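Okay, here's what each chain looks like letter by letter:
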Amino acid sequence: MAAPEPPAEEAATAPKRPLIMRYAARSDVGRVRAKNDDSAYVGRHLAVVADGMGGHAGGDVASAATVLDMIHLDRDDYDAETGEADTVLADEIQTANSLLSELVHINPKLAGMGTTVTALLLAGGRLHFAHIGDSRAYRLRNGEFEQVSVDHTFVQRLIDEGRLRPEEAETHPHKNVLMRVLGDVDASPELDLDVLEVQPGERWLLCSDGLNYVAGHVVERTVRETKSLRECADTLVELTLEAGAPDNVTVVMVDIAEQTPDDVSTAAVEVIPTPVAEPAPQPPAVSAAPSAPGSGSVFAAKAPDAAGVPGKPPEGSGEGHKEPQPSTDPHLGEHLSAEVLREELSTRPHELVGAAASAAASGSIPSIAGRTVARRAATVLTHKADQDKDEPEEFKPPVRRRRWLTASIAAAIVAVLGIGLWLGYAWTQTRYYVGEYDQRVAIFNGVSQRLGPIPLSTLETVTDIRMSDLPEFSQQRVRQTVPARDLYDAQRIVKNLERTGTTAPADECLPPSPTATPSASASPRSSASAGAAGTKSPSPTPSPTPTYCEGDK
């Protein structure tokens, strides 16, 4: 017998239960790649997919570092009065971008790495959305299945401008060129951000672009007709494998549902295995080198101690009560990072897959950002307590002396900046470039930039070569300015323009067909392949500024 329905008035006045995510995730290396550059995390309030790029050296590092830096957002205690949840997702992605730059600074071999990010944060009864790159977010709501994200690719820009039909995108030679990604080039990348109203019963699919090898109508039918989230994620990955899976594929399925008493009492899911014990370990430094093909792990494993916990002495060794000493353990921060991460993950239900799961399991956490819990913990344990203890009050300098010291330092900084600016300006006057003046080719002394209202170049000479007499691509090249090492080099470039209509052969990087040429209004984040963070094809494109090249992705 069915339970009686509650009175309408009682149902109307009953408080709404909080919304949570029910989820499933799966990631696969595919049938062609040697390692998995994808990472994903999903819990009750956060879902994020990252697809790393930058060749075999750094794609896995970029995606894992980004995802692991964001997992602490998976909570529901954001301050509604201050609107904390409205900005925290974008702020954390920008912080992850800074982390990638710092990782490249420490290890230059990672230069050019980058990652896409597509994320959902459920907070305050609303869904906060952030996206950059070509991973995708789909929503099934009230029977309507739609792609919420917009691909930040070169072909999508051509489609938006009406220069390419959508059905031609899959065969376009530059279909994998990304215009926007996280990486070590742009200090403040442009994100797509939105705050969406959400209701129970919505279903979301987040995925890397490896799922693009499955037809769109097949993906939609699978999401609509498969009730089980786990079965749906597995089916989509299996369909990708059947289609050849030339790329890594990662799928995150999310259902928005009202929280129940069972959800409140559910224990955390253990998905990060404890490292296997090894005899007499010597913990190596964190490495971003890829593992052997097929191993599934993309970071060099940090050797744990006999107790299976990094940084903790084995039982019975007689050292169980000693404090960690930074002078004898140079990897203390790394150990703490792994310990704090595992402890944080064990406090709530979640799934972590791909390169991020391999990094967390091995303990090689590519996380050095000062905002992370691990970094704060390491700083407190190794520095702050000793400094507070070793600096008695009587030895602190008087306030007046501090003021003189501050003034002296400020004066020295101003002097250094002044000298630096003068030297910089003097250097610019040793440079030359070829540009346009009064619709003619001209040689300029200096550089083409300006320092506020002050130009850093002067007109050296105007040639008889009209801009209209040059081929279109050479006109564009000259308008963007052609740098020269000295006056002789500038004159050589002018000679080449006069004789052949082109600059030196080494300066040119042209696509084989006009369809591959981006418009002059392309985003300043585009380039041909100059070690930036995001091309999925080695073919260069003649943009006025760098296009991110993804290397062998």
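Refer to the structure printed above.
The text that follows walks through the structure, step by step, so that each part is easy to find. (Residues numbered from 1 in each chain as written. Predicted model: local features only at pLDDT ≥ 70, side-chain atom pairs only at ≥ 80, totals over all residues. Heavy atoms only, no water.)

A closer look at the overall build of the protein
Within the protein, the secondary structure is distributed over 13 helices and 17 strands. Burial statistics for the protein: of 553 residues in total, 46% are counted as buried. Once local pairs closer than 6 in sequence are excluded, the contacts in the protein between residues at least 24 apart make up 68%. A total accessible area of about 28,300 Å² is found for the protein, and carbon and sulfur atoms account for 55% of it. (Helix = DSSP H or I, 4+ residues; strand = E, 2+ residues; numbered from the N terminus. Buried < 20%, exposed > 50% of the residue type's maximum accessible area, 1.4 Å probe, protein only. Contact = heavy atoms within 4.5 Å. Areas by Shrake-Rupley, 256 points an atom, 1.4 Å probe, with all protein chains shown as cover.)

Considering the packing of helix H2 (residues 59-70) against helix H9 (residues 355-362)
At a minimum axis distance of 8 Å, the contact between H2 and H9 shows a crossing angle of 75°. Overall, the two elements H2 and H9 adopt an arrangement that is roughly perpendicular. Across the interface between the two elements, Asp60, Ser63, Ala64, Val67 and Leu68 from H2 touch Ala355, Ala356 and Ala359 from H9. Classifying every residue of the contact of H2 with H9 by side-chain character gives six nonpolar, one polar and one charged. (Axes fitted to C-alpha atoms, helices over the stretch in contact; angles between N-to-C directions. Parallel < 35°, antiparallel > 145°, perpendicular 65-115°, else oblique. Nonpolar A, V, L, I, M, F, W, Y, C, P; charged D, E, K, R; others polar.)

Section: the sheet that holds strand E16 (residues 454-466)
Working definition: the strands of a sheet are paired by backbone hydrogen bonds and lie parallel or antiparallel to each other. Pairing in this open sheet of four strands is antiparallel, and the strands run E16-E15-E14-E17 from one edge to the other. The sheet is open, and its two borders are formed by E16 and strand E17 (482-484), each paired with just one other strand. Each adjacent strand pair in this sheet contributes to an overall mean axis angle of 35°, direction not counted. Two strands pair when backbone bridges link them, and strand E14 (residues 432-437) and E17 are joined in this way by three bridges, in the antiparallel orientation. Each bridged residue has a counterpart across the sheet, and for Val434 the counterpart in E17 is Val482. (Pairing = 2+ DSSP bridges.)

Regarding the packing of aromatic side chains
Applying the stated criterion across every chain yields a total of two aromatic pairs. Summarising the aromatic geometry, the rings of Tyr138 and Phe145 are spaced 5.4 Å apart at their centres and angled 5° between planes, so their arrangement reads as stacked. Taken individually, Tyr138 and Phe145 each receive the classification buried, so the pair is uniform in this respect. On the basis of an interplanar angle of 10° and a centroid distance of 5.0 Å, the ring pair of Tyr433 and Phe444 is categorised as stacked. (Phe/Tyr/Trp six-rings, centres within 6.5 Å; stacked < 30°, edge-to-face > 60°.)

Some thoughts on the pairing of strand E6 (residues 126-132)
Counting buried positions over the seven residues of E6 gives six, a clear majority of the element. Where strand E5 (residues 117-123) meets E6, seven bridges bridge the pair, whose relative direction is antiparallel. In the strand pairing of E6, Val117 is matched with Ile132. Counting the residues in the hairpin turn of E5 and E6 gives two residues, including Gly124, whose phi is positive at 60°. Pairing geometry for E6 and strand E10 (residues 192-197), over six bridges, is antiparallel.

Things to note about the side chain of Asp38
By the secondary structure assignment, Asp38 is in strand E2 (residues 38-43). Polar contacts involving the side chain of Asp38 include one to the side chain of Thr250, which spans 3.0 Å. Ignoring sequence-local partners within four residues, the contact set of Asp38 consists of Ser27, Ala50, Asp51, Gly52, Ser63, Ser208, Asn248, Val249, Thr250, Val353, Gly354 and Ala355. (Polar contact = N/O pair within 3.5 Å; in protein donor to acceptor, adjacent residues only side chain to side chain.)

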